[in-house]
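# Analysis of the macromolecular model
Below are the chains, spelled out letter by letter.
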Amino acid sequence: MKIIVVEDYNEMSKKAAEILIKKVQEKPNAVLGLATGSTPVGLYKELIEDNQKNGTSYKDIHTVNLDEYIGLPKEDKNSYYTFMRENLFNQLTIPEEHTNIPNGNNQDLLEECDRYEKIIDALGQVDLQILGIGSNGHIGFNEPGSSFTGQTHIIDLKESTRQANARFFESIDEVPKQAITMGIGTIMKSKEILLLASGTAKAEAIRGTIHGEVTEDLPASILQTHPNVTLIVDKEAYSLCE
Ligand SMILES: O=P(O)(O)OC[C@H]1O[C@](O)(CO)[C@@H](O)[C@@H]1O
């Protein structure tokens, strides 16, 4: 596990963009695993700026997203489908058919989980998986207690996660109670993983991820067993690891 400690959120975003752009330049048809939430927004801004300035091409890459809420219309501003278009896909001209995100409105959600896992398998292997981390150590929407070998599945969101994400909604009542998420087993198949964390709210989770016991109580701790993981954390997120 490689750890890069940076000054702040902006430096985290710049460093992550450097790594991702290098990957895309080395492998123009790379499969990128993408994350949502506030952590990767700065990274996506850096990618757009680089694309406009340097013309880095994303026309041949494929993307898979970690998760999607269940029951939010895809056009809802808080769906991760819309989040990805507004924060990245609309500006990076990634072909729509190259982007993949679970469909939280499929009438048969179990079939959807199976369909999505098969898409990931058909792409071969995620070359670079971007992860954020929840303050309870969740990755994607794999909450504490999630199996380390899980594939894409339906998850009941912990109240703490709903509370954390309520900041994007009018009220907590509007925050979905379930989501579809790539499983930890799915995530761990990635060739390379880049986890980003910023702020003191993530400090406890980052300490457990780096120094803690590998336990399902802290999903991100499994990353200690992956051969190619880089953490980019700002000083606040790293503050309990000193
Ligand atoms: O980056 P944020 O907004 O702190 O979210 C942290 C984590 O929570 C999620 O958004 C799920 O709630 C994850 O996708 C993300 O990695």
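Rules and cut-offs
In this convention, every chain numbers its residues from 1, walking through the sequence in written order. Under the rules for a predicted model, residues below a pLDDT of 70 receive no local features and side-chain atom pairs below 80 are neither given nor counted, while totals for whole chains, interfaces and linings still include all residues. Hydrogen atoms and water are omitted, and side-chain values are computed over all heavy atoms in the structure. If even one non-hydrogen atom of a residue comes within 4 Å of a molecule or strand, that residue is called near it. For the purposes of these results, a polar contact is taken to be a pair of N or O atoms within 3.5 Å, where, inside protein, one atom must be able to donate a hydrogen and its partner to accept one; residues adjacent in sequence count only when each atom of the pair is a side-chain atom. Where accessible areas are quoted, they stem from the Shrake-Rupley method and a 1.4 Å probe; at the residue level, only the protein chains shown are allowed to cover. The residue classification treats Ala, Val, Leu, Ile, Met, Phe, Trp, Tyr, Cys and Pro as nonpolar and Asp, Glu, Lys and Arg as charged. All others, Gly included, are polar. In this scheme, strands are said to pair when DSSP sees at least two bridges between them. In this description a helix means any DSSP run of H or I spanning at least four residues, a strand means any run of E spanning at least two, and both kinds are numbered starting from the N terminus. Handedness of a crossover is defined as follows: with both strands directed away from the viewer, a clockwise route from the first strand across the helix to the second makes it right-handed. UniProt positions are given in the numbering used here, feature names are shortened, and annotations may be inferred rather than shown by experiment.

Time to look at the site of the ligand. Taken together, the neighbourhood of the ligand is formed by 16 residues, with Ser 38, Thr 39, Asn 165, Arg 167 and Lys 202 sitting nearest. Within the side chain of Asp 67, a nitrogen or oxygen atom sits 3.4 Å from an oxygen atom of the ligand. Side-chain polar atom of Asn 165 to an oxygen atom of the ligand: 2.9 Å apart, as the coordinates give it. Relative to its unbound accessible surface of 390 Å², the ligand loses 95% to contact with the protein. Taken together, the residues of the shell around the ligand sort by class into three nonpolar, 10 polar and three charged.

What follows covers the pairing of strand E3 (residues 62–65). In terms of strand pairing, strand E2 (residues 31–34) meets E3 through four bridges, oriented parallel. Across the sheet, residue Leu 32 finds its bridge partner in E3, namely Thr 63. Assessed by its sense of winding, the connection that carries the chain from E2 through helix H2 (residues 41–54) to E3 is right-handed. Here E3 runs beside strand E5 (residues 99–100); their pairing, made up of two bridges, is parallel. Considered in E5, the bridge of Thr 63 is made with Thr 99.

Let us look at the UniProt feature "domain: Glucosamine/galactosamine-6-phosphate isomerase" (unreviewed entry) in the protein. Under the local residue numbering, the UniProt record ascribes the feature "domain: Glucosamine/galactosamine-6-phosphate isomerase" (unreviewed entry) to residues 11–226. Annotated as residues 11–226, this span is 36% helix and 14% strand, and its ends, taken at the C-alpha atoms, are 25 Å apart.

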